[in-house]
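So you can see what is in the structure, the chains are spelled out below.
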Amino acid sequence: LIDKVFFERDHVKNNPQWYAGAINPEECGRAVRQIEDLALFDASFAELIRYQPMLDVLETIFESSEFSFNYLIGRPKAARFGNGISNGHFHRDTPFEEFTSANTVKVIMCLNDMMAGNGATEFIKGSHQVSDEEAKKACWRDVEADKLNLKDKVTICCSAGAGVFFSTKTLHAAGHNRSGYPRHAIFAEWVGPGVLPT
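Nothing here was measured: the structure is a model prediction, and the numbers come from that model.

Participant: What is the right way to look at empty space enclosed by the protein in this model?
Facilitator: In this approach, a probe sized like a water molecule rolls over the atoms, and the result shows the empty space that is left. Counted by the stated rule, this structure contains 1 cavity of 30 Å³ or more. Volume-wise, the largest cavity comes out at about 40 Å³. As for the largest cavity, its lining consists of Thr-94, Glu-97, Phe-99, Ser-101, Ala-102 and Lys-136. Along the lines of polarity and charge, the residues of the lining of the largest cavity split into 2 nonpolar, 2 polar and 2 charged.

Participant: Where do I start with the nonpolar core in this structure?
Facilitator: A general trend in soluble globular proteins is that nonpolar side chains are found buried together. The biggest cluster of nonpolar side chains holds 18 residues, and the ones touching the most others in it are Leu-58, Val-107, Met-109 and Trp-190. When contributions to this core are tallied by element, the ones reaching two or more residues are β1 (5-7), β2 (32-35), α4 (52-62), β4 (104-110) and β9 (183-191). Tallying contributions element by element places α4 first for this core, with 4 residues. If near-sequence neighbours (up to four positions away) are discounted, Val-107 is found in contact with Met-54, Leu-58, Val-164, Phe-165, Ile-186, Phe-187, Ala-188 and Trp-190. Core analysis: the second largest hydrophobic core is formed by 11 residues, Ile-73, Val-164, Phe-166 and Ala-185 among them.

Participant: Looking at this model, I keep getting lost on the pattern of salt bridges. Mind explaining?
Facilitator: Oppositely charged side chains may form a pair once their charged atoms are brought near each other. Evaluated as defined, the whole model comprises 7 salt bridges. For Lys-153, the salt bridge identified is with Glu-122, shortest N-O distance 3.6 Å. Here Glu-122 lies in strand β5 (residues 121-124) and Lys-153 lies in strand β6 (residues 153-155), a separation of 31 residues in the sequence. For Lys-153, a relative accessible area of 35% translates into the label partly exposed. Lys-137 is the partner of Glu-134 in a salt bridge, and the nearest nitrogen-oxygen pair spans 2.7 Å. The partly exposed category is assigned to Lys-137, whose relative accessible area is 42%.

Participant: Is there a simple way to explain the pairing of β4 in this structure?
Facilitator: Along any regular strand the residues' side chains alternate between the sheet's two faces. The element β4 is largely enclosed, with a buried count of 7 among its 7 residues. Alternating residues of β4 divide into Thr-104, Lys-106, Ile-108 and Cys-110 and Val-105, Val-107 and Met-109, and every residue in both groups is buried. With 5 bridges joining them, β4 and strand β7 (residues 163-167) adopt antiparallel strand pairing. Following the sheet pairing, Lys-106 is matched in β7 by Phe-166.

Participant: Sorry, what's going on with the sheet that holds β5 here?
Facilitator: Pairing in this open sheet of 3 strands is antiparallel, and the strands run β6-β5-β8 from one edge to the other. One side of each edge strand has no neighbouring strand; the edge strands of this open sheet are β6 and β8 (172-174). If you compare each strand with its neighbour and ignore which way they point, the axes differ by 20 degrees on average.

Participant: Explain the environment of Ser-167 here, please?
Facilitator: Inspection of the secondary structure puts Ser-167 in strand β7. For Ser-167, a relative accessible area of 19% corresponds to the buried category. In the structure, Ser-167 is positioned 16 residues away from Arg-183 in sequence and 21 Å away in space, judged by C-alpha atoms. Not counting chain neighbours up to four residues away, the residues in contact with Ser-167 comprise Thr-104 and His-128.

About the criteria used
- Residues numbered from 1 in each chain as written.
- Predicted model: local features only at pLDDT ≥ 70, side-chain atom pairs only at ≥ 80, totals over all residues.
- Heavy atoms only, no water.
- 1 Å grid on protein atoms, 1.4 Å probe; cavity = no way out; pocket = protein on both sides within 12 Å on 5 of 7 lines; lining within 4 Å.
- Points joined across faces, edges and corners; volume = space filled by probe spheres on them.
- Nonpolar A, V, L, I, M, F, W, Y, C, P; charged D, E, K, R; others polar.
- Core = buried A, V, L, I, M, F, W, Y, C linked by side-chain atoms within 4.5 Å.
- Buried < 20%, exposed > 50% of the residue type's maximum accessible area, 1.4 Å probe, protein only.
- Helix = DSSP H or I, 4+ residues; strand = E, 2+ residues; numbered from the N terminus.
- Contact = heavy atoms within 4.5 Å.
- Salt bridge = Lys/Arg side-chain N within 4 Å of Asp/Glu carboxyl O.
- Pairing = 2+ DSSP bridges.
- Axes fitted to C-alpha atoms, helices over the stretch in contact; angles between N-to-C directions.

It is worth stressing that arrangement in space is one thing and function is another; only the former is reported here.
And the structure:
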């Protein structure tokens, strides 16, 4: 299963434009950035897919029981060497996806406290209220913070065991973790009724 594991050192090596002078690949050691197909690693992770409290929230969000599982990944944002997506820039997930509709929801399951200091996820309030066509535009893959109304920014801080649910059309950013505390999380994605891959 080693092919399912992506290390921070490789991410830093692949993106010197973001980390030159700040952090080098060797410093990252064996810090893990992402684990794909997490359910393959242990049955306890596979059981999360059927975790009833999460399914209950999703049924409310989708207003239907006819939603579908897409993926389950691990994001163990290591203390000091955990890095954000696109150098912590804001983005929508929709342009990265290939579905017939943007009626898709991400779930962050926090295994540690999520705090501003350890790379908590930030959101722009109301930014999900755009059309699918707008959300799919490539310009939303990477947005500099100075191009947004940061008065609408919300930093989500919550305790271990919390779940964060959001539309993939929502502008959000995951910061770097330079603290001494890890921010381990599990990410799941679900698609709404009638949403199909293209």
